[in-house]
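Residue-level structure breakdown
Read off the chains here:
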Amino acid sequence: MSIKILAIESSCDDTGASVIVDGKIKSNVIANQQIHALYGGVVPEVASRKHQINIVPTIDTALKNAGVQKHELDAVAVVSGPGLMGSLIVGVTFAKTLAFSLNIPLIEINHHRAHVMALFIDDPKPEFPLLAMTVSGGHTQISIMRDFNDVEVIGKTLDDAAGEAFDKTGKLLGLDYPAGPIIDKYSQKGKPVFEFPEPSIKGLDFSFSGLKTAILYFVQKEKKKDPDFVKNNIYDICASVQDRIVSILINKLVKASKLTGIKEVAIAGGVSANSGLRKELQKKGKELGWNTYIPAFAYCTDNAAMVAITAHYKYLEEDFADLLLSPKPRG
Ligand code: KG4
Ligand code: ZN
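For every chain, the first residue of the written sequence is number 1, and numbering continues from 1 along that sequence. Key to labels: chains lettered from A, ligands numbered from 1, both in the order written. Only residues with pLDDT of at least 70 are given local features in this predicted model, and only at 80 or more are side-chain atom pairs given and counted; all residues enter the totals for whole chains, interfaces and linings. To obtain the side-chain values, all non-hydrogen atoms of the structure were used and water was disregarded.

Brief notes about the overall build of the protein
Helix and strand counts for the protein come out as nine helices and ten strands. For the radius of gyration, the atoms used are the C-alpha atoms, and the globule rule reads 2.2 Å times the number of residues raised to 0.38. Whereas a compact globule of 331 residues would reach a radius of gyration of roughly 20 Å, the protein reaches 20 Å, a difference of no more than 12%. Referenced to the eigenvectors of the C-alpha coordinate spread, the extents of the protein come out at roughly 65 × 45 × 30 Å. Exposure classes here rest on a 1.4 Å probe applied to the protein chains alone. A residue is buried below 20% of its type maximum, exposed above 50%, and partly exposed in between. For the protein, the residues scored as buried account for 52% of the 331 residues in total. Counting from the N terminus, the helices are DSSP H or I runs at least four residues long and the strands are E runs at least two residues long.

Quick look at the pairing of strand E5 (residues 106-110)
In this scheme, strands are said to pair when DSSP sees at least two bridges between them. Pairing geometry for strand E4 (residues 75-81) and E5, over five bridges, is parallel. Opposite Ala 77, over in E5, you have Ile 107 as the bridge partner. Here, the term right-handed applies to a crossover whose path from the first strand over the helix to the second runs clockwise when the strands point away from the viewer. One crossover worth recording links E4 to the parallel E5 by way of helix H2 (residues 85-102), and it is right-handed.

Digging into the site of ligand 1
As a structural note, the neighbourhood of ligand 1 is formed by 18 residues, with Gly 137, Asp 167, Asp 184, Asn 274 and Asp 302 the closest of them. A distance of 3.3 Å separates an oxygen atom of ligand 1 from a polar atom in the backbone of Gly 163. Pairs of N or O atoms are called polar contacts if they sit within 3.5 Å, as long as, within protein, a hydrogen donor faces a hydrogen acceptor (for residues adjacent in sequence, only side-chain-to-side-chain pairs). Contacts to ligand 1 include Asn 274, whose side-chain N or O atom sits 2.9 Å from a nitrogen atom. Its free accessible area being 550 Å², ligand 1 has 88% of it covered by the protein chains. Among the elements of the structure, helix H3 (111-117), helix H4 (162-172) and helix H5 (180-187) are those that each provide at least two residues to the shell around ligand 1. Its residues placed into classes, the shell around ligand 1 shows five nonpolar, ten polar and three charged. Here a residue counts as near a molecule or strand whenever at least one of its heavy atoms sits within 4 Å of it. Computed by Shrake-Rupley with a 1.4 Å probe, the accessible areas treat only the displayed protein chains as cover when residues are assessed. Each residue gets one label: Ala, Val, Leu, Ile, Met, Phe, Trp, Tyr, Cys and Pro are nonpolar, Asp, Glu, Lys and Arg are charged, and the others, such as Gly, are polar.

Digging into the sheet that holds strand E7 (residues 140-147)
A sheet is described by the order of its strands in space; here five strands give the open sequence E8-E7-E6-E9-E10, paired in mixed fashion. In this open sheet, the two strands that pair with only one neighbour each are strand E8 (150-156) and strand E10 (291-293). The mean angle between the axes of side-by-side strands here comes to 20°, regardless of whether they run parallel or antiparallel. Here three bridges tie strand E9 (residues 264-268) to E10, and the two strands are oriented parallel to one another. Looking across to E10, one finds that Ala 266 is bridged to Tyr 293. Contact definition: two residues touch when any of their heavy atoms are within 4.5 Å. Fitting a line to C-alpha atoms yields each axis, with helices limited to the stretch in contact; the angle taken between N-to-C directions then spans 0 to 180 degrees. Here helix H8 (residues 275-288) sits on the sheet in contact with strand E6 (130-135), E9 and E10, set at roughly 165° to E10.

Quick word on the sheet that holds strand E1 (residues 4-9)
With respect to topology, five strands assemble into an open sheet ordered E3-E2-E1-E4-E5, the strand pairing being mixed. Two strands lie at the open edges of the sheet, namely strand E3 (24-31) and E5, each paired on one side alone. Adjacent strand axes in the sheet meet at a mean angle of 20°, parallel and antiparallel pairs treated alike. H2 contacts E1, E4 and E5 of the sheet and is inclined by roughly 155° relative to E4. Across the sheet, helix H9 (residues 305-316) is in contact with E1, strand E2 (15-21), E3, E4 and E5; its angle to E5 comes to roughly 120°.

Here's the deal with the pairing of E3
Pairing between E2 and E3: seven bridges, direction antiparallel. In the sheet register, Ile 20 faces E3, and the bridge partner there is Ile 25. Here E2 folds back onto E3, and the loop between the two strands holds two residues, one of which, Asp 22, carries a positive phi near 50°.

Quick word on the packing of H4 against helix H6 (residues 209-225)
Between H4 and H6, whose axes approach to 10 Å, the crossing angle comes to 15°. Relative to H6, the element H4 is oriented roughly parallel. Here the hand of the crossing between H4 and H6 comes out right-handed. Taking contact as the criterion, the partners of Lys 168, Thr 169 and Leu 172 in H4 are, on H6, Lys 212, Ile 215 and Leu 216. For the contact of H4 with H6, the residue count by class is three nonpolar, one polar and two charged. Here the angle decides the label: under 35 degrees means roughly parallel, over 145 means roughly antiparallel, 65 to 115 means roughly perpendicular, and every other value means oblique. Here a crossing is taken to be left-handed if its near helix is turned anticlockwise relative to the far helix by less than a right angle, and right-handed if that turn runs clockwise.

Brief notes about the environment of Asp 159
Secondary-structure assignment places Asp 159 in the loop between E8 and H4. In this structure the C-alpha to C-alpha distance between Asp 159 and Gly 210, which are 51 residues apart in sequence, comes to 9.5 Å. With sequence-adjacent residues up to four places away left out, Asp 159 is seen in contact with Phe 206, Ser 207, Phe 208 and Ser 209. Here the side chain of Asp 159 touches Ser 209 through a polar contact of 3.0 Å, side chain to side chain.

What to know about the coordination of the zinc ion (ligand 2)
Looking at the zinc ion (ligand 2), one finds its protein donor set to be His 111 (NE2), His 115 (NE2) and Asp 302 (OD), positioned 2.0 to 2.1 Å from the metal centre. One can describe the site at the zinc ion (ligand 2) as tetrahedral: its four donor atoms subtend angles covering 97 to 132° at the metal. Counting the intervening residues between successive donors of the zinc ion (ligand 2) yields the motif H-x3-H-x186-D. One end of the pair, His 111, is in helix H3; the other, Asp 302, is in the loop between E10 and H9, with 191 residues separating them in the sequence. What makes His 111 buried here is its relative accessible area of 6%. As a rule, N, O and S atoms within 2.8 Å of a metal are its donors, except that Na, K and Ca use 3.2 Å; water is not among the atoms, so sites may look incomplete. Key to geometry: four donors with every angle between 85 and 135 degrees are tetrahedral; four donors are square planar and six octahedral where opposite donors lie over 155 degrees apart and all remaining angles lie between 65 and 115; all other sites are irregular.

That is the geometry; function is a separate question.
Have a look at this one:
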């Protein structure tokens with residue numbers, strides 16, 4: 001018997017749907033909401049309304065691309081949180097209604113857990129115990145994963161997430177939202193000639209707020225000498241910012257590997273799409289004898305395939321939710 005699951009992701013500003021059959025992703029559709037760039041960040045009410053418009057066509061396309069009919073589904077999975085209430089409610093309500101009408105199980109998925117599970121979509125898959133660093137717009141943490149259900153967080157951010165560090169710095173530099181991918185692109189044309197401080201946080205925790213302030217003061221100072229400083233040096237500034245964020249992340253990962261002795265090392269989440277971070281992880285991995293893992297590009301930023309793979313393993317354990325499931329904005 002084959003297991004066919006439809007997975008839905010609507011926690012923030014992108015509507016995603018994916019179909020997985022026997023643990024293999026058959027479709028992965030995402031409807032991006034470009035409108036938020038106009039406002040410099042995600043506007044929750046607008047995101048919610050766009051999800052309502054996008055959810056039916058996104059799911060229809062995911063089913064069509066997978067060649068699967070609604071009545072063939074064995075389960076429906078949905079992200080219940082963390083995320084924006086108005087966004088989550090669209091996906092959760094849709095999933096509950098579909099599960100009820102088709103009389104099939106509903107599977108509840110945590111968004112952060114799904115980011116890590118993206119590592120198990122393609123081959124080669126990591127082995128346990130695994131050291132996983134999740135870096136996204138809402139999350140920066142290092143965990144030891146001993147099994148799918150045995151995850152211990154050993155380090156986390158004390159303030160901003162790595163993605164926020166990119167996005168907030170980008171805002172200071174006048175870049176559009178989300179600035180992460182733009183800083184990544186511009187970095188490739190520049191050199192990290194400006195030195196920004198590395199915070200001295202003990203242990204495995206992270207902090208990015210000091211870096212943001214340092215960049216703000218640096219830009220203000222330089223603008224006094226040359227009002228066009230940012231414009232004239234944007235590529236080098238971006239390369240310097242990226243270089244520092246990457247070194248903060250990689251240095252903690254190296255520390256975590258030394259402390260735990262684990263050499264199966266992975267990154268996941270939106271910021272793992274960053275070319276500088278991907279390169280540096282591979283470089284360090286070679287140097288230190290790690291086996292390194294990064295999800296395919298399409299599975300780094302928010303997507304429903306990561307929800308689908310998580311759902312597949314939950315289905316095997318018959319870990320189902322009841323139809324009273326409600327969104328959990330805090331996860
Ligand atoms: O995982 P994700 O799509 O959503 C959350 O769960 O937060 O991550 C979004 C974050 C944003 O902050 C975005 O700027 C960042 O990931 N991001 C990047 C890149 N692509 C996305 N940051 C740096 N370089 C990139 N290439
Ligand atoms: Zn995410």
